[in-house]
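Descriptive analysis of the structure
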Amino acid sequence: MRLDKFLKVSRIIKRRTVANEACDQGRVTVNGKPAKASYDVKEGDVLELRFGERTMRARVVRVTEHALKGEAAEMYEVMP
């Protein structure tokens, strides 16, 4: 699944266009490397997102095409 779609489906970022822009601006890294929106997300990848001063690290637990609101948080685990 594309990185921008994963960010939207998992509800880390609300809109796919916003996720796409974050990737284009270099605010999203996967396994320590800047990633494009078209990057193919796999289980075990470590995502790092920068929102201004705040940084969020998350490990991809599972990749599914659709997720209900309650299941979205189960797609990743937040890392310290």
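Counting from 1, residues in each chain are numbered in the order their sequence is written. Totals for whole chains, interfaces and linings use all residues, but because this is a predicted model, local features are given only for residues with pLDDT of at least 70 and pairs of side-chain atoms are given and counted only at 80 or more. Values shown for side chains rest on all heavy atoms present in the structure; no hydrogens or waters enter the calculation.

**With respect to the sheet that holds strand β5 (residues 76–79)**
Between any two strands, at least two bridges found by DSSP are needed for them to pair. Runs of E in the DSSP output that reach at least two residues are strands. Runs of H or I that reach at least four are helices, and both are numbered from the N terminus. If you trace the 5 strands from one edge of the open sheet to the other, you get β2-β1-β3-β4-β5, paired in antiparallel fashion. Taken across any chain shown, the strands that pair with only one partner, and hence form the sheet edges, are β2 (33–34) and β5. Here 3 bridges tie strand β1 (residues 28–30) to strand β3 (residues 46–51), and the two strands are oriented antiparallel to one another. In the sheet register, Val28 faces β3, and the bridge partner there is Leu49.

**Some points on helix α2 (residues 16–24)**
Along an α-helix, a turn takes 3.6 residues, which lines up residues three or four apart on a common side. For α2, every residue scored as buried is listed here: Ala19, Ala22 and Cys23. Seen from one end, α2 has its buried residues packed into an arc of 100°, which puts them on one side. Facing away from the buried side of α2 by over 90 degrees, the exposed positions are Thr17 and Asp24. The contact criterion used is simple: two residues touch if any of their non-hydrogen atoms lie within 4.5 Å. Turning to α2, the residues buried within the fold contact α1 (3–9) and β1. The buried label goes to any residue with under 20% of its type's maximum accessible area, the exposed label to any with over 50%, and the partly exposed label to all in between, with areas taken from a 1.4 Å probe on protein chains only. What the arc covers is the set of directions going from the helix axis to the C-beta atoms.

**Quick look at the side chain of Asp45**
For Asp45, the position within the fold is in the loop between β2 and β3. No salt bridge is formed by the buried Asp45; the nearest opposite charge belongs to Lys42, separated by 4.2 Å. In protein, a polar contact means a hydrogen-donor-capable atom and an acceptor-capable atom, both N or O and within 3.5 Å, with residues adjacent in sequence counting only if both atoms are side-chain atoms; elsewhere, any N or O pair within 3.5 Å suffices. Reaching out from Asp45, the side chain makes a polar contact with the backbone nitrogen of Lys42 at a distance of 2.9 Å. If we skip the residues at most four places from it in the chain, Asp45 touches Val30, Asn31, Tyr39, Asp40, Ala58, Arg59 and Val60. Positive charges come from Lys and Arg alone, negative charges from Asp and Glu alone, with His and the N- and C-terminal ends not counted. Any carboxyl oxygen of Asp or Glu that lies within 4 Å of a side-chain nitrogen of Lys or Arg is treated as forming a salt bridge with it.

**A few points about the pattern of salt bridges**
A full pass over the atoms with the stated rule returns 5 salt bridges. Between Glu65 and Lys5 there is a salt bridge, with the nearest N and O atoms lying 2.7 Å from each other. Highlighted residues: Glu65 in the loop between β4 (54–60) and α3 (69–72) and Lys5 in helix α1, separated in sequence by 60 residues. On the basis of relative accessible area, Lys5 is assigned to the partly exposed category, the value being 23%. Put simply, Glu74 and Arg62 hold a salt bridge, and the shortest N to O gap is 3.2 Å. One end of the pair, Glu74, is in the loop between α3 and β5; the other, Arg62, is in the loop between β4 and α3, with 12 residues separating them in the sequence.

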